[in-house]
Amino acid sequence: MTALLTALAGLLALAGARRGADADDAISAAAELAELDRLKARGLLDEAGWTAARAEAGRRILISDREAAPVRAGPRDRFWVLAGMALTAAATLGLYALVGAPGLPDQAYERRVDQWTTELETLQPPQLAAVAARVVRERPDDHQALTMLGAARFEAGDPIGAASAFRRALTLQPDDAQSWARLGESLTRANGGEVGGDAEAAFAQALRRDPGQLGARYFLGEAALARGEAAMVRAMWGPLIAALDPADPRRADLQRRMPGDSEQ
């Protein structure tokens with residue numbers, strides 16, 4: 001990366017030297033006066049206007065007229081520029097070799113994670129996710145650590161990372177109904193709240209293994225409602241409504257949205 005940036009900087013310097021002074025600064029008297037003559041010939045300028053415009057153009061040309069002195073690169077200038085760039089890059093790399101430490105992990109961050117492991121009760125979801133990620137790195141086959149990582153990432157607003165963790169957990173314990181349900185929730189959130197095909201399949205797997213997964217029932221009912229499958233909605237939401245407390249506002253909302261028996 002250092003070599004690439006240095007090469008680009010040298011290319012820009014050499015290209016600028018080759019261009020020299022900006023030729024647009026010089027005003028062409030012939031072009032100015034020819035344009036005025038064309039306007040007069042087309043009837044867009046009367047005699048008085050044409051005379052005044054020519055006088056003004058002549059005044060500006062006299063003020064701006066000067067010999068252009070373009071800056072040009074000498075035959076050896078490019079080598080001096082390239083040598084300067086190379087020396088700058090070499091000095092930078094040498095300084096980094098003296099005071100830097102390539103490959104060294106972020107010690108400040110790692111120390112923070114060390115501290116967080118002793119304060120689990122007070123951590124925010126992103127901090128819990130960092131602690132769980134470290135545990136998973138140390139014990140990649142720990143199913144509980146993977147499910148904790150997935151839950152922490154979900155709460156931290158990282159549904160894609162949560163789905164990845166739950167998928168890894170399910171490779172270890174494919175009959176874990178709760179992980180299937182959490183996988184479906186993560187995929188749904190990553191999809192902007194819409195129950196896609198992968199999420200619906202995950203919810204179906206959760207319900208197949210544990211009919212008491214009420215969250216999976218809710219999302220499967222939502223997917224069926226979007227497709228207009230009234231019978232499927234009733235099959236999914238009926239047990240869910242029965243399980244909710246009568247005072248729970250979610251129960252009233254589901255009852256209101258539940259399609260009637262006459263709907264197809």
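Below you will find a few notes about this structure. (Residues numbered from 1 in each chain as written. Predicted model: local features only at pLDDT ≥ 70, side-chain atom pairs only at ≥ 80, totals over all residues. Heavy atoms only, no water.)

**A word on a nonpolar patch on the surface**
Consideration 1: On the surface, M1, L4, L5, L8 and L11 cluster together into a nonpolar patch covering about 550 Å² of accessible area.
Consideration 2: Note that L11 resides in helix α1 (residues 2-19). (Patch = residues over 30% accessible without salt bridge, like charges linked within 9 Å, V, L, I, M, F, W, Y side chains within 5 Å. Areas by Shrake-Rupley, 256 points an atom, 1.4 Å probe, with all protein chains shown as cover. Salt bridge = Lys/Arg side-chain N within 4 Å of Asp/Glu carboxyl O. Helix = DSSP H or I, 4+ residues; strand = E, 2+ residues; numbered from the N terminus.)

**Some points on the packing of aromatic side chains**
Consideration 1: Considering all chains together, one arrives at 3 aromatic pairs under this definition.
Consideration 2: Centre to centre, the rings of Y218 and F219 are 5.1 Å apart; their planes meet at 75°, and the pair counts as edge-to-face.
Consideration 3: Judged by centre distance (6.1 Å) and plane angle (10°), the rings of Y218 and W237 are stacked. One end of the pair, Y218, is in helix α11 (residues 214-227); the other, W237, is in helix α12 (residues 230-243), with 19 residues separating them in the sequence.
Consideration 4: Judged by relative accessible area, Y218 falls into the partly exposed class, the value being 28%.
Consideration 5: Accessibility expressed as a relative area gives 0% for W237, which makes it buried.
Consideration 6: Aromatic ring contacts, followed pair by pair, group F203, Y218, F219 and W237 into a single cluster.
Consideration 7: Sitting above the plane of the F154 ring, R182 keeps its charged end 5.1 Å from the centroid.
Consideration 8: Positioned above the aromatic ring of F154, the side-chain terminus of R189 is 3.8 Å from the ring centre. (Phe/Tyr/Trp six-rings, centres within 6.5 Å; stacked < 30°, edge-to-face > 60°. Buried < 20%, exposed > 50% of the residue type's maximum accessible area, 1.4 Å probe, protein only. Lys NZ or Arg CZ within 6 Å of the ring centre and 35° of its normal.)

**A look at the pattern of salt bridges**
Consideration 1: Per the stated rule, a full pass over the model turns up 9 salt bridges.
Consideration 2: R250 serves as the salt-bridge partner of D248, at 2.8 Å between the closest nitrogen and oxygen.
Consideration 3: Between R256 and D253 there is a salt bridge, with its nearest N and O atoms 2.6 Å apart. One end of the pair, R256, and the other, D253, are both in helix α13 (residues 249-257), 3 residues apart, so they sit about a helical turn from each other.
Consideration 4: Given the relative accessible area of 61%, R256 is considered exposed.

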